[in-house]
Amino acid sequence: MRLPLPEREVMTPGHLACQGCGAALTMRLALKALGPRTVLSIPACCWSVIDGPFPHSTVNVPLFHTAFETAASTASGIRAAFEILGKEDVNVVAWAGDGGTYDIGIQALSGAAERNDNIIYICYDNEAYMNTGIQRSAATPLGAWTTTTPVKHPKSEPKKDMVSILAAHRIPYIATATIAYPEDLVRKLERAKETKGTKFILILSPCPPGWKTRPEDTVKLSRLAVQSRVFPLLEIENGEKWILNMNIKKPVPVVEYLKLQGRFRHLKEEDIQRIQEYVDKEWERILKRCGLA
Amino acid sequence: MRKVLMGNHALSYGATLSRVQVIAAYPITPQTQVVELLSEIVADGKLKAKFIRVESEHSAMAACIGASAAGARAFTATSAQGLALMHEMLHWAVGARTPIVLGNINRAMAPPWTIWTEQNDSLSQRDTGWMQVYCQNNQEVLDSVIQAYKVSERVLLPTMIVLDAFVLSHTYEVVDIPEQEKVDEYLPPYNPPYKLDPDEPHAFGGLTGPDGYFELRYIIEKAMEESREVWRETGKEFGEVFGREYGLTEEYKTGDAEFLIVASATIASTARVAVDVMREKGKKVGLLRIRVIRPFPFDEVRECLKGRKKVLVIDRNVSFGFGGIFYQEVKSAMYNEEHRPPIFGIITGLGGRDVRVEDIMEMVEDVERREKPEDIIWKGVRV
Ligand SMILES: Cc1ncc(C[n+]2csc(CCOP(=O)(O)OP(=O)(O)O)c2C)c(N)n1
Ligand SMILES: [Mg+2]
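Moving on: the interface of chain A and chain B. With 38 residues of chain A at the interface, the matching set in chain B holds 38 residues. Interface area, chain A with chain B, both sides summed: about 2,900 Å², of which 66% is carbon and sulfur. By the criterion of area lost to chain B, the three top residues of chain A are F54(A), F64(A) and I84(A), representing 22% of everything that side buries. Run the count over chain A and chain B and you get three salt bridges.

So, about the layout of surface pockets. Its volume calculated, the largest pocket comes out at about 1,300 Å³. For the largest pocket, the lining is made up of 41 residues, of which G95(B), A96(B), F204(B), G205(B) and G206(B) are closest to its centre. For the lining of the largest pocket, the elements supplying multiple residues, two or more each, are helix 2 (47–50) and strand 2 (63–65) of chain A together with helix 3 (57–69), helix 5 (87–95), strand 9 (203–204) and helix 9 (213–242) of chain B. Counting residues per element, the lining of the largest pocket draws most heavily on helix 9 of chain B, at five residues. Each pocket or cavity is described by its volume, and for the second largest pocket that value is around 600 Å³. K159(A), V230(A), P232(A), Y278(A) and E282(A) are the residues nearest the centre of the second largest pocket, which is lined by 32 residues in total. Of all the elements in the fold, those that place two or more residues in the lining of the second largest pocket are helix 6 (162–167), strand 6 (199–204), helix 10 (254–258) and helix 11 (269–289) of chain A. Ranked by residues supplied to the lining of the second largest pocket, first place goes to helix 11 of chain A with eight residues. Its residues assigned to classes, the lining of the second largest pocket shows 22 nonpolar, two polar and eight charged.

Time to look at the nonpolar core. By size, the foremost hydrophobic cluster in this structure holds 167 residues, and its most contacted members are F200(A), M61(B), F75(B) and L305(B). Among the domains, domain 1 (2–242) and domain 2 (249–378) of chain B are the pair contributing at least three residues each to this core. Residues within four places of F200(A) in sequence aside, it is in contact with T101(A), L109(A), Y121(A), C123(A), M162(A), L166(A), I171(A), Y173(A), I174(A) and A175(A). Of all hydrophobic cores here, the second largest spans 36 residues; its members include V10(A), A33(A), V61(A) and A177(A).

As a further point, take the sheet that holds strand 6 of chain A. Here nine strands make up an open sheet; going across it, the order is 8(A)-7(A)-5(A)-6(A)-4(A)-3(A)-1(A)-2(A)-9(B) and the pairing mixed. Where the open sheet ends on each side, the last strands, each with one partner, are strand 8 (241–244) of chain A together with strand 9 of chain B. With four bridges connecting them, strand 1 (residues 38–42) of chain A and strand 3 (residues 91–97) of chain A associate as parallel partners. Residue pairing across strands places L40(A) opposite V93(A), the latter belonging to strand 3 of chain A. Against the sheet, helix 3 (residues 71–84) of chain A engages strand 1, strand 2, strand 3 and strand 4 (120–125) of chain A, with an angle of about 170° to strand 3 of chain A.

Now for the site of ligand 1. Close to ligand 1 lie 18 residues, the nearest being G99(A), G100(A), Y124(A), A128(A) and N131(A). Chain contributions to the surroundings of ligand 1 come from chains A and B. One of the backbone N or O atoms of G100(A) is found 2.9 Å from an oxygen atom in ligand 1. A distance of 2.8 Å separates an oxygen atom of ligand 1 from a polar backbone atom of N131(A). Coverage of ligand 1 by the protein amounts to 76% of the 580 Å² it exposes when considered alone. Considering only residue class, the shell around ligand 1 consists of nine nonpolar, six polar and three charged.

What follows deals with the packing of aromatic side chains. Pairs of aromatic rings are described using the distance from one ring centre to the other and the angle between the two planes. All names here are of chain B. Under the definition given, this model contains 12 aromatic pairs over all chains. Grouped by ring-pair contacts, the aromatic residues Y186, F238, F242 and Y246 constitute a single cluster. Just above the ring of Y252 sits the side chain of R272; from NZ or CZ to the centre is 5.5 Å.

A cluster of nonpolar residues, L16(A), V49(A) and L207(B), forms a patch on the protein surface that exposes about 240 Å² of accessible area. On the accessibility criterion, V49(A) (32% relative accessible area) is partly exposed.

Each α-helix winds once per 3.6 residues, and so residues spaced three or four apart point in a common direction. Within the sequence span of helix 5 (residues 106–115) of chain A, burial applies to A108(A), L109(A), G111(A), A112(A), A113(A) and R115(A). Once helix 5 of chain A finishes, N116(A) follows within two positions and takes phi at roughly 55°, a positive value.

A few words on the pattern of salt bridges. All names here are of chain A. Scanning the model with the defined rule gives 54 salt bridges over all chains in all. A salt bridge links R115 to D117, with the nearest nitrogen and oxygen atoms 3.0 Å apart. Summarising the burial analysis for this pair, R115 and D117 share the class buried. Residues joined in a network through salt bridges with shared partners are D184, R187, K188, R191, E235, E237 and K241.

About the criteria used
- Residues numbered from 1 in each chain as written.
- Chains lettered and ligands numbered in written order.
- Predicted model: local features only at pLDDT ≥ 70, side-chain atom pairs only at ≥ 80, totals over all residues.
- Heavy atoms only, no water.
- Contact = heavy atoms within 4.5 Å.
- Buried area = accessible area lost by both parts, 1.4 Å probe.
- Salt bridge = Lys/Arg side-chain N within 4 Å of Asp/Glu carboxyl O.
- 1 Å grid on protein atoms, 1.4 Å probe; cavity = no way out; pocket = protein on both sides within 12 Å on 5 of 7 lines; lining within 4 Å.
- Points joined across faces, edges and corners; volume = space filled by probe spheres on them.
- Helix = DSSP H or I, 4+ residues; strand = E, 2+ residues; numbered from the N terminus.
- Nonpolar A, V, L, I, M, F, W, Y, C, P; charged D, E, K, R; others polar.
- Core = buried A, V, L, I, M, F, W, Y, C linked by side-chain atoms within 4.5 Å.
- Buried < 20%, exposed > 50% of the residue type's maximum accessible area, 1.4 Å probe, protein only.
- Domains from an automatic or database assignment.
- Pairing = 2+ DSSP bridges.
- Axes fitted to C-alpha atoms, helices over the stretch in contact; angles between N-to-C directions.
- Near = heavy atom within 4 Å.
- Polar contact = N/O pair within 3.5 Å; in protein donor to acceptor, adjacent residues only side chain to side chain.
- Areas by Shrake-Rupley, 256 points an atom, 1.4 Å probe, with all protein chains shown as cover.
- Phe/Tyr/Trp six-rings, centres within 6.5 Å; stacked < 30°, edge-to-face > 60°.
- Lys NZ or Arg CZ within 6 Å of the ring centre and 35° of its normal.
- Patch = residues over 30% accessible without salt bridge, like charges linked within 9 Å, V, L, I, M, F, W, Y side chains within 5 Å.

Following this line, the structure appears as structure tokens:
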């Protein structure tokens, strides 16, 4: 049997992530797919620390640290420079957390997407502002605890539907992925590499300290998120053609995913029921959009 | 070739002649013509550049920084609210050592909404580490863009070219447009020592603690200090190649002047006429125009102010709670000098209120009557 993953390692050992960090594994897999001819634009987020303090760097590709809300706009500038300098064979990648994507960076991202700038925008989604100590973001799911949504008042709004927002921009390629399905993740990044225009890849990245989970459960949680229909694996072409990569016919109950995470420990049965209903409703919407309803 | 150009188009021509490679900009009155003309020039293929029509000034500066870090010559232009929105990224451009050139049309800050000239927008960015050039005519605007790239790329600090809203931005003047070949000789292509290059991967701007940050700031200050001589040198060389020499400051009839006016931008051009009129009446008046305020021209200012009977600094700006900003700076530059003249500060023309030759003559008379310097003297305010 041959593993359908590139053998090459671009990222080197020595990163500063916590044990079991989904975002570190995400980068390792992404760079396997993207290869060394890649430039990263990274805004304020955990990854601005994970890469290591100056002068160390673990990614082994050029990395430009930029301001919190400028992952996309900095990447657009880098791409424009490479175009004018005749360096066409480089992947220009904006690599941002959910806060830098769903919240403060959405304007720059929308601008780049509307212009269809030739960049790959990767959001590693750990569902809160982890760098600053687990505050709520627009990507934090319904019912979750964070330091700004304390157990007395956990998050009362569902996660922002970022994928649909990007789809409404009609960019050529959008995909979701998790580290539990690395061949799927790698294939999607390879596809993004070959596609011209703005590509948006959303990768769920469990965070043990932020989610209050065991480090060894990171991959398991990533798989459960898919199997419980909480995080559907999707591809969207030109904002119009929605493809469900894994149609989960027999879903794991959402509670199985939630109960491994301390951030949901305060939930009562009826809260969990509400979350299950929300997930079911969202799944129906996805099926409809994928023409599977 | 001589052409009649508005100040805004002088910026566009300066950028074109400098062969900028990436332009990222967002429109704001009174800057729009800068980017409109550049869009056309790029679309016509007369300039090999990428024009990114960003969705905000914050993104404009971020894109310029990315482009510059990747090895391209980058340009943008803005004004007032747009410059304020860029603030975070102005710091970034300095820390990242990206030699971007930015044209800023001096416009007063809102509220209330207004579009007329005042220097508070650019002077609020004084401590970001950008070099700042205040222009007195459209020729100087065009020439300064070319010179700025030469200086910026040498010392790896960005430059802001500043011109007064409407008084220059929308006023047409005859401008000599240098030949492209001569500009190419004067300004070599941009080739930074470190850039985003997959063949030589580096991380830029990674986490730095108290162990290293201090030194990085020291190096920026050293680059600023070095830039003084670079401005002088390149300004002189500009004169040799194009016939128009520039310094950090410019003196007018200062030789025997007992009374010295210090001013910047177009108030300085008006003051020049006032000096002529007053000289005809036998007054020994002279003018020192401050062209570059960062780096601050300590030597030029000290040398020029030495031994004057009275000095008047005119400011079209105000640091609330302190006074005129050029006044503060000139005064503090003189504090440790042996022969410091009394220095008076006048604030005038805020929000684009006209400052005429007569007004400047009245200011001089007012200061002549006064015994002791005062920190803020208001001229022309109706209260
Ligand atoms: C303009 C600005 N506001 C706030 C911050 C502080 N800040 C740095 S990282 C961060 C949270 C990042 O969250 P996310 O994008 O989700 O990435 P994560 O830390 O979770 O990896 C915040 C609020 C900042 N750097 N810049
Ligand atoms: Mg996050």
